[in-house]
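# Descriptive analysis of the structure
Below, each chain spelled out in residue letters.
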Amino acid sequence: MATDLGELLVPYMPTIRVPRTGDRVFKSECAFSFDSPESEGGLYVCMNSFLGFGREHVERHYRKTGQSVYMHLKRHVKEKATGAAGGAIPRRRNGKVFLDLELNRDFNGDVYEYEDEVKLVIFPDHFEITLPNIEELPALVTIACDAVLNAPSPYKKPESDSWEEEIQVSRHARSLIQQENGVRIPPSGWKCAKCEMRENLWLNLTSGSVLCGKWFFDGSGGNGHALDHYKETNFPLAVKLDTITPDGADVYSFDEEEAVLDPQISEHLLHFGIDMLQMQRTENGHHTDNHVQPLVSDWEVAQEAGLKLKPVYGSGYTGIKNLGKSCYLSTTMQVLFSIPEFQRAYVGNLQRIFDYSPLDPTQDFNTQIAKLGHGLLSGQHSKPPLKSELIEQVMKEEYKQQQRGISPKMFKALVSKGHPEFSSNRQQDAHEFFLHLINLVERNSNGSENPSDVFRFLVEERVQCCQTQKVRYSQRVDYLMQLPVPLEAASNRDELIAYESKRKEAEENMRPLPESVRARIPFTACLQAFTEPENVRDFWSSALQAKSAGVKTSRFASFPEYMVVQMKKFTFGVDWVPKKLDISVDVPDFLDLNRLRAAGLQPGEEELPDLTPPIVIPDDTRGSSTNNSLESPEIDESSVMQLAEMGFPLEACRKAVYYTGNMGAEMAFNWVIAHMEEPDFAEPLAIPTYMEADLPSPSLPAISTLDNQPPEESIAILTSMGFPRHHSIQALKATNNNLERALDWIFSHPDCGDESEAMSDTPDTEPKDNSFSNGNANSDSLLSPDQEVSSPRVRDGPGRYELFAFISHMGTSTMSGHYVCHIKKEGRWLIYNDHKVCLSERPPKDLGYIYFYRRLSSC
């Protein structure tokens with residue numbers, strides 16, 4: 001038999017590899033679906049590329065690559081027999097067979113057990129070899145199989161790539177025994193049970209003792225009584241009291257001598273009377289204030305806590321598992337895939353996308369977003385429990401979690417790749433992720449339907465010189481509308497003033513804080529604040545050819561198919577930590593923005609001359625040949641050093657001082673803040689040399705040597721990707737022939753590629769002053785006022801909308817908290833809270849953060 005197996009594998013030996021350092025082994029998730037070893041067909045892992053495939057997709061990979069040998073992983077999950085010992089982690093019957101395999105199922109340790117089955121499968125005949133089979137298989141095959149089975153998760157960052165230590169689940173968490181001693185922890189006024197310390201306090205999760213720390217990871221002081229208590233009792237776990245929030249807490253294990261995770265922390269805290277839904281972390285992270293107050297809880301309202309919500313199942317009702325502060329991603333994707341254009345672009349073209357996917361589909365954006373969309377819309381992962389299961393649960397008087405959702409690990413790893421924030425395990429801003437995703441959709445939609453066009457609209461900006469009264473009109477692209485929140489317009493202003501007085505008095509007298517009061521802001525006040533004129537800082541008037549006072553107003557040059565409205569709830573505290581305004585806004589179900597339609601240049605208005613602001617140019621370069629090497633420009637080095645001492649890159653400081661005309665460190669600092677996220681922020685200052693004729697004149701704009709023809713090979717690369725030649729040349733010129741930046745430029749300036757532009761008809765409406773908050777990182781592209789508004793990229797129409805979805809944030813900052821979303825489908829509101837999808841009883845529209853409106857078809 002050994003000879004037979006050896007001979008059978010001989011033709012395939014060159015294709016079987018042993019995973020090397022850096023190889024990623026996908027043994028818990030299919031590249032095209034959410035199949036796993038627990039799925040009915042198991043998972044097939046290619047023994048050459050180490051990609052995982054479900055039963056429906058492995059044949060595609062075989063046909064595309066010719067790779068024949070796959071490892072088939074199958075996990076059989078079943079309930080433990082009645083009377084089995086509870087409280088243990090599910091038992092592995094085959095020992096180390098699936099070592100380090102990540103589970104996709106949320107197990108209750110005292111209910112389930114499983115056994116694993118591993119085979120080698122040879123395609124196309126599906127010949128199976130059961131493993132382990134060490135004696136009968138060639139040594140190389142045995143080593144390769146063992147390496148695959150023991151490979152770490154592909155989503156685990158190498159230590160060199162991560163600044164964050166990965167915290168593990170404590171081995172004591174599931175088996176922790178808590179004393180029935182009647183201890184109840186009050187919401188404030190804590191102090192160490194053995195001394196008077198009121199900071200760095202830890203609650204022992206076994207005894208309920210509150211004791212001070214000493215040398216723990218946060219560096220706070222103390223007398224070490226928490227550690228002494230462990231040495232006396234061996235009670236291993238403690239939680240830091242002022243870190244308890246509805247999304248977790250800092251837990252330390254004395255036995256394991258490290259920070260740990262406790263999956264059952266909410267139950268362990270509730271044992272001592274602490275309800276996590278009623279807790280919030282101290283605002284500034286300091287440990288001197290241990291007053292944790294009950295909230296007028298947006299946590300409870302947004303999640304509709306206390307209501308018996310009915311779960312729903314089927315297509316479009318699949319939840320998304322929380323991977324650890326990934327709810328910002330989940331809520332955004334749930335809303336996007338409720339939009340028909342996104343459904344059609346990715347799920348409607350699923351087979352075409354999969355068939356034309358690259359050899360490594362895990363790194364292809366279109367493949368992964370199509371996979372996620374299919375997982376949400378297919379209904380395969382949202383099936384109601386069988387009637388027999390429900391009857392059994394009623395008989396046993398227990399109700400098991402039925403909604404499991406899908407786990408978007410592969411999608412999150414791809415879309416967050418290279419991003420310093422989204423690639424971390426920290427909570428993020430859903431608004432920023434929405435724009436980040438739109439950017440990815442733009443980049444990956446070349447030559448195919450671009451679903452993000454439904455959000456795309458043009459903003460007309462009108463800037464007026466206050467001294468000459470002359471104006472300039474321009475247009476830019478944006479994807480959402482940001483509404484300011486004027487607290488001074490609160491309808492309950494008297495209540496707020498009284499609360500603030502009581503709060504200050506309580507702080508001065510060291511008493512518990514009063515129950516907070518939420519500001520109620522009329523939506524009309526937000527719209528009014530949105531329309532107010534905005535002062536332009538450092539405005540350079542081309543009419544005066546000098547700096548002057550300027551005022552800017554913004555209006556809609558077009559209205560998108562779907563209008564995204566963000567309430568500007570977040571601000572910065574004095575410690576520069578993002579904080580959220582506790583507000584309630586009466587957001588309407590129907591929104592009419594037609595009065596904000598742009599009107600263009602009005603009769604009697606005189607336009608500002610089309611001149612470029614002067615650039616400081618060294619005197620000795622004037623009149624020199626454009627072929628001469630560039631000399632260093634005159635830069636105020638004292639201003640440069642002031643900025644550099646703040647920690648900014650030296651080259652960025654030099655550019656800031658240069659581009660602000662040596663007008664001082666304060667002006668240069670503002671330039672730094674406005675440009676610090678640009679990809680060439682820290683690159684050396686490069687200034688083209690000007691001929692006298694090239695200098696700004698009253699009638700001609702400045703022309704630089706960057707107008708030279710870009711390299712032909714760079715043009716060829718862009719044109720081969722489907723972009724017009726003139727558009728490619730324009731992008732390369734604008735980015736100093738940098739290919740990567742040129743590609744970004746093309747996506748952010750799509751309308752600049754039109755060689756012929758037609759004058760658009762502007763509605764004859766009364767102009768109204770308004771301001772527009774730009775929310776798109778790529779929306780600094782300016783279009784001429786006579787740009788064609790109704791184009792394939794801009795779907796203009798009436799500005800009347802109906803609310804169909806909103807995302808709510810719970811917590812005090814974008815750096816913490818939790819997101820849920822509500823979506824209206826088939827005339828009923830639903831709540832999507834991670835993996836749970838239920839009918840909504842009271843959708844909290846007044847507490848939303850991002851609102852999604854669709855254009856009314858009856859307009």
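Cut-offs applied
- Residues numbered from 1 in each chain as written.
- Predicted model: local features only at pLDDT ≥ 70, side-chain atom pairs only at ≥ 80, totals over all residues.
- Heavy atoms only, no water.
- Helix = DSSP H or I, 4+ residues; strand = E, 2+ residues; numbered from the N terminus.
- Buried < 20%, exposed > 50% of the residue type's maximum accessible area, 1.4 Å probe, protein only.
- Areas by Shrake-Rupley, 256 points an atom, 1.4 Å probe, with all protein chains shown as cover.
- Patch = residues over 30% accessible without salt bridge, like charges linked within 9 Å, V, L, I, M, F, W, Y side chains within 5 Å.
- Salt bridge = Lys/Arg side-chain N within 4 Å of Asp/Glu carboxyl O.
- Phe/Tyr/Trp six-rings, centres within 6.5 Å; stacked < 30°, edge-to-face > 60°.
- Lys NZ or Arg CZ within 6 Å of the ring centre and 35° of its normal.
- Core = buried A, V, L, I, M, F, W, Y, C linked by side-chain atoms within 4.5 Å.
- Contact = heavy atoms within 4.5 Å.
- Axes fitted to C-alpha atoms, helices over the stretch in contact; angles between N-to-C directions.
- Parallel < 35°, antiparallel > 145°, perpendicular 65-115°, else oblique.
- Left-handed = near helix turned anticlockwise from the far one by under 90°.
- Pairing = 2+ DSSP bridges.

## Regarding the overall build of the chain
- A count of helical and extended segments in the chain gives 21 helices and 29 strands.
- In the chain, which comprises 859 residues, the proportion classed as buried is 49%.
- Looking at the chain as shown, the accessible area adds up to about 41300 Å², and 51% of this sits on carbon and sulfur atoms.

## Brief notes about the environment of Arg 595
- Mapped onto the elements of the fold, Arg 595 is located in the loop between strand E23 (590-592) and helix H16 (637-644).
- On a C-alpha basis, the gap between Arg 595 and Gly 799 in space is 8.5 Å, while along the polypeptide they are 204 residues apart.

## Some details on a nonpolar patch on the surface
- A grouping of Met 646, Phe 669, Ile 673 and Met 676 is seen on the molecular surface, where their side chains present a nonpolar patch of about 350 Å² in accessible area.
- Note on placement: Ile 673 falls in helix H18 (residues 665-675).

## Section: the packing of aromatic side chains
- Across all of its chains, the model carries 25 aromatic pairs by this definition.
- Measuring from centroid to centroid gives 5.3 Å for Phe 434 and Phe 455, while their planes differ by 80 degrees, and the two rings are edge-to-face. You can see Phe 434 sitting in helix H13 (residues 430-443) and its partner Phe 455 sitting in the loop between H13 and strand E11 (457-465), a full 21 residues away along the chain. Residue Phe 434 shares its accessibility class with Phe 455, and that shared class is buried.
- Geometrically, the ring pair formed by Phe 806 and Trp 829 is tilted, given 5.6 Å between the ring centres and 55 degrees between the ring planes. Taken as a pair, Phe 806 in strand E25 (residues 800-810) and Trp 829 in strand E27 (residues 828-833) lie far apart in primary sequence, 23 residues in all. Take Phe 806 and Trp 829: they sit in the same class, and that class is buried.
- Three or more aromatic residues joined by ring pairs form one cluster here, namely Phe 337, Phe 342, Tyr 346, Phe 434, Phe 455, Tyr 562, Phe 804 and Phe 852.
- Above the face of the Phe 34 ring, Lys 371 is positioned so that its terminal group lies 4.9 Å from the ring centre.

## Focus on the pattern of salt bridges
- Applying the stated criterion across every chain yields a total of 28 salt bridges.
- Note that Glu 461 and Lys 552 form a salt bridge whose closest N and O atoms lie 3.8 Å from each other. Of the two residues, Glu 461 is situated in strand E11 and Lys 552 in strand E18 (residues 550-556); the sequence distance between them amounts to 91 residues. The burial state of Glu 461 is the same as that of Lys 552; both residues are buried.
- Where Arg 511 meets Glu 505, a salt bridge forms, and the shortest distance between an N and an O atom there is 3.5 Å.
- Overlapping salt bridges bring together Glu 461, Arg 476, Asp 478 and Lys 552 as one network.

## A look at the nonpolar core
- With 98 residues, the main nonpolar core has Met 71, Leu 120, Met 333, Tyr 346, Phe 365 and Phe 455 as its most contacted residues.
- When residues of this core are assigned to their parent elements, the largest contribution, 8 residues, is made by H13.
- In contact with Tyr 346, not counting residues within four places along its chain, are Phe 337, Ile 353, Phe 365, Asn 366, Ile 369, Ala 370, Val 441, Ser 445 and Pro 451.
- The next biggest cluster of nonpolar side chains, apart from the first, holds 30 residues, and it includes Ile 185, Cys 212, Ile 244 and Val 251.

## Some words on the environment of Phe 852
- Structurally, the position occupied by Phe 852 is in strand E29 (residues 848-855).
- Separated by 46 residues in sequence, Phe 852 and Phe 806 place their C-alpha atoms 5.8 Å apart.
- Contacts of Phe 852, omitting those with residues within four sequence positions, involve Val 335, Phe 434, Met 563, Val 564, Glu 802, Leu 803, Phe 804, Ala 805, Phe 806 and Ile 807.

## A closer look at the packing of H16 against H18
- Taken N-terminus to C-terminus, the directions of H16 and H18 make an angle of 50 degrees; their axes are 9 Å apart at the nearest point. With respect to each other, H16 and H18 are oriented oblique. Of the two possible hands of crossing, H16 and H18 adopt the one that is right-handed. In this structure, H16 contributes Ser 639, Gln 642 and Leu 643 to the contact, and H18 contributes Ala 665, Ala 668, Phe 669 and Val 672.

## Things to note about the sheet that holds strand E6 (residues 201-204)
- With antiparallel pairing, the 5 strands of this open sheet are ordered in space as E7-E6-E8-E9-E10. The open sheet has two free edges, formed respectively by strand E7 (210-212) and strand E10 (258-260), since each of these has just one partner strand. Within this sheet the neighbouring strands show an average axis-to-axis angle of 40 degrees, counted without direction.
- Of the strand pairs in this sheet, E6 and strand E8 (residues 237-240) are connected by 3 bridges, and their pairing is antiparallel. Of the residues in E8, the one forming a bridge with Trp 202 is Lys 240.
- With respect to the sheet, helix H4 (residues 225-233) is in contact with E6 and E7, its orientation differing from that of E7 by roughly 120 degrees.

## With respect to the environment of Leu 261
- By the element assignment, Leu 261 lies in the loop between E10 and helix H5 (265-270).
- For the pair Leu 261 and Ile 167, spaced 94 residues apart in the sequence, the C-alpha separation amounts to 6.4 Å.
- With near-sequence residues (within four places) excluded, Leu 261 lies in contact with Ile 167, Gln 168, Val 169, Ser 170 and Ala 173.

## Observations concerning the pairing of E29
- Most of E29 sits out of view: 7 of its 8 residues are buried.
- Across 5 bridges, the pairing between strand E19 (residues 562-567) and E29 is antiparallel. What sits directly across from Val 564, in E29, is Phe 852.
- With 7 bridges joining them, E25 and E29 adopt antiparallel strand pairing. Looking across to E29, one finds that Glu 802 is bridged to Arg 854.

## Concerning unusual backbone geometry
- Look at the link from Phe 123 to Pro 124: it is a cis peptide, with omega at 10 degrees.
- Here Pro 124 is to be found in the loop between strand E4 (112-122) and strand E5 (127-131).
- In this structure, the amide linkage connecting Leu 131 to the following residue, Pro 132, adopts the cis form with an omega of 0 degrees.
- Positionally, Pro 132 belongs in the loop between E5 and helix H3 (139-149).
- Even without being glycine, Phe 50 reaches a positive phi, approximately 65 degrees.
- The residue Phe 50 is located in the loop between strand E1 (43-46) and strand E2 (52-53) in this model.
- With a relative accessible area of 0%, Phe 50 lands in the buried category.
- Positive phi, normally seen in glycine, also occurs at Gln 545, with a value near 55 degrees.

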